[in-house]
Amino acid sequence: GTFLAPVLLLLCRLGPHLAAAHSPPGVECVLFNEEYMTCTWGSRETLTANYSLYYWYENRSPVVECKHYLRDRGISVGCRLNQSEIIQFQPFRVLVNASLGGRTLEIPSERMQLQDLVKPEAPVNLTIRNLSSNQLQLTWTSPYPKAQCLEHAVKYRSNKDTSWTEHQVKGDVFSLPSVDYEKYYTFYVRSKINSYCGSTQLWSEWSVPVVWGSNSTSKGAAEEQLHWFWIHTVLIPIASCLLLLVLVILLVRMERVWVILMPRIPNPSKNFDELFITHNGNFQEWAGVPKDVVESFKPNYSEKICSVSELPPKESYEPLWESSNHPPSVMPGALAAPREHSPYKNGYVG
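Procedures and definitions
Residues numbered from 1 in each chain as written. Predicted model: local features only at pLDDT ≥ 70, side-chain atom pairs only at ≥ 80, totals over all residues. Heavy atoms only, no water. Helix = DSSP H or I, 4+ residues; strand = E, 2+ residues; numbered from the N terminus. Buried < 20%, exposed > 50% of the residue type's maximum accessible area, 1.4 Å probe, protein only. Areas by Shrake-Rupley, 256 points an atom, 1.4 Å probe, with all protein chains shown as cover. Salt bridge = Lys/Arg side-chain N within 4 Å of Asp/Glu carboxyl O. Disulfide = S-S within 2.5 Å. Pairing = 2+ DSSP bridges. Axes fitted to C-alpha atoms, helices over the stretch in contact; angles between N-to-C directions. Phe/Tyr/Trp six-rings, centres within 6.5 Å; stacked < 30°, edge-to-face > 60°. Lys NZ or Arg CZ within 6 Å of the ring centre and 35° of its normal. Core = buried A, V, L, I, M, F, W, Y, C linked by side-chain atoms within 4.5 Å. Domains from an automatic or database assignment. Contact = heavy atoms within 4.5 Å.

## Here's the deal with the overall build of the chain
Then comes step 1: Helix and strand content of the chain: ten helices and 17 strands.
Then comes step 2: The buried share of the chain, taken over its 350 residues, is 28%.
Then comes step 3: Of the accessible surface of the chain, which amounts to about 24600 Å², a share of 57% is contributed by carbon and sulfur atoms.

## Topic: the pattern of salt bridges
Then comes step 1: One pass over the structure, following the stated rule, counts seven salt bridges.
Then comes step 2: For Asp-72, the salt bridge is made with Arg-73, and the minimal N-O distance between the two is 3.5 Å.
Then comes step 3: A relative accessible area of 25% means that Asp-72 is categorised as partly exposed.
Then comes step 4: Glu-166 is paired through a salt bridge with Arg-190; the nearest N and O atoms lie 3.5 Å apart. In this pair, Glu-166 sits in strand E14 (residues 165–169) while Arg-190 sits in strand E16 (residues 184–193), placing the two residues 24 residues apart along the sequence.
Then comes step 5: One connected set of salt bridges, linked through shared partners, spans Glu-58, Arg-93 and Arg-111.

## Structural notes on the state of the cysteines
Then comes step 1: Under the defined criterion, the tally for this structure stands at three disulfides.
Then comes step 2: Disulfide partner of Cys-29: Cys-39, at an S-S distance of 2.0 Å. Linking Cys-29 and Cys-39, the disulfide has an S-S dihedral of approximately 115 degrees and is accordingly described as right-handed. On the criterion of sequence distance, the pair formed by Cys-29 in strand E1 (residues 28–32) and Cys-39 in strand E2 (residues 36–40) is long-range, its members being ten residues apart. Neither residue differs from the other here; Cys-29 and Cys-39 are each classed as buried.

## A short note on the sheet that holds E2
Then comes step 1: A sheet is described by the order of its strands in space; here five strands give the open sequence E5-E6-E2-E1-E10, paired in mixed fashion. Two strands close off the open sheet at either side, each with one partner strand: strand E5 (69–72) and strand E10 (118–119).
Then comes step 2: Where E2 lies against strand E6 (residues 75–82), five bridges are found, and the strand directions are antiparallel. Counterpart to Cys-39 in the pairing with E6 is Cys-79.

## Points about the sheet that holds strand E17 (residues 210–213)
Then comes step 1: The four strands are arranged E14-E13-E16-E17 in an open sheet whose pairing can be described as antiparallel. The outermost strands of the open sheet, each flanked by one partner alone, are E14 and E17. With direction set aside, neighbouring strand axes in the sheet form an average angle of 25 degrees.
Then comes step 2: By the bridge criterion, five bridges tie strand E13 (residues 150–158) to E14 in an arrangement that is antiparallel. Its bridge partner being in E14, Val-154 is matched across the sheet by His-167.

## Here's the deal with unusual backbone geometry
Then comes step 1: We note that Asn-33 has phi near 55 degrees; this positive angle belongs to a residue other than glycine.
Then comes step 2: Considering the arrangement of structural elements, one finds Asn-33 in the loop between E1 and E2.
Then comes step 3: The exposure class of Asn-33 is buried, given its relative accessible area of 4%.
Then comes step 4: Positive phi outside glycine occurs at Phe-89, with the angle close to 60 degrees.

## Digging into the packing of aromatic side chains
Then comes step 1: Per the counting criterion, the structure on display carries ten aromatic pairs.
Then comes step 2: For the ring pair Phe-32 and Tyr-36, a centre distance of 5.2 Å and an interplane angle of 20 degrees mean the geometry is stacked.
Then comes step 3: On the accessibility criterion, Tyr-36 (24% relative accessible area) is partly exposed.
Then comes step 4: Centre to centre, the rings of Tyr-156 and Phe-174 are 5.9 Å apart; their planes meet at 40 degrees, and the pair counts as tilted. Placement of the pair is Tyr-156 in strand E13 and Phe-174 in strand E15 (residues 173–176), with a sequence separation of 18 residues.
Then comes step 5: Exposure remark for Phe-174: the relative accessible area of 9% places this residue in the buried category.
Then comes step 6: Put simply, the rings of Tyr-55, Tyr-57 and Phe-92 pair up and form one aromatic cluster.
Then comes step 7: Its end group placed over the ring of Tyr-188, Lys-155 keeps NZ or CZ at 5.2 Å from the ring centre.
Then comes step 8: We note Lys-155 situated over the ring of Trp-206; from NZ or CZ to the ring centre the distance is 4.5 Å.

## Here we look at the nonpolar core
Then comes step 1: Counting 29 residues, the largest nonpolar core has Cys-29, Met-37, Leu-53 and Phe-92 as its most contacted members.
Then comes step 2: For this core, the secondary-structure elements that each account for two or more residues are E1, E2, strand E3 (50–57), E6, strand E7 (91–100) and strand E8 (103–108).
Then comes step 3: Here this core gathers at least three residues from each of two domains, domain 1 (27–116) and domain 2 (120–214).
Then comes step 4: Other than its neighbours up to four places away in sequence, Cys-29 contacts Met-37, Thr-38, Cys-39, Phe-92, Met-112 and Leu-117.
Then comes step 5: Formed by 16 residues, the second largest nonpolar core is a distinct cluster that contains Trp-140, Val-179, Tyr-185 and Phe-187.

Right under this line is the structure:
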């Protein structure tokens, strides 16, 4: 009550200008997974003044201005506090200054407990297992560092349901006792701080869904990852090694494959080694021709050799008689007789 009077008096003095830059509905601070915190007080559409934020912990630290403002088109709409600036289980206060036309309006906040402002991160690694013929078990993990401070909510429905069914879960395991194998089911999980660690209604965002059923494309992210792991790291390498081994065996054992892939150049010289080394070039012996066949091709007759000569023309030898004054030793009449018995008349050539 001590600060309301000055605030009302300042609002009256600022007039219509600060009336447009009215006090935001309130400063809302949220501690995300105990990693960072944001304090917001409006949006660009509702804020027209310049805002600045100051914060402090009661009886522990001085007033400190925000170091990391969240802006929307040049207007400060919030502040981000890093993990080193956060102290839980200590009363926390903020003060927002609204400046317009050279005048400033201070808007204090109520006292806050940061352990009641924690919003966990959404669960991850949702996995579905079959416990029996008609019972499923859903498990998950949470990125929040204090898992014992969490409680969870699971919602699910089948492809034939029109509404979601939601259950509160204390641990990180949920069992669905009865399922229909003709349907497929979709599951979500979210988390919040339980009553032992804080007093809050801030739930995390819903997790990435996991689907199970006969018509589903996946029966759990973990099962699908395991399936592809076995295919890529085990099945494909083993199949490749077996195929390579079969090809090697075929190349070694089958001469036909060698002839097709690597044809040999023929060398005919080896085929004639026996002709020249064993038979000394005797083709008949090397070829195996019988001796009687060879003898049958030899001639079995003999004929005397007949010499054939021809007299030169008269003009060529008459001068010889004149020079020698002796008749020729051979008469022309004597040379004519052998010509009558010449082998040419019978078609023989000597």
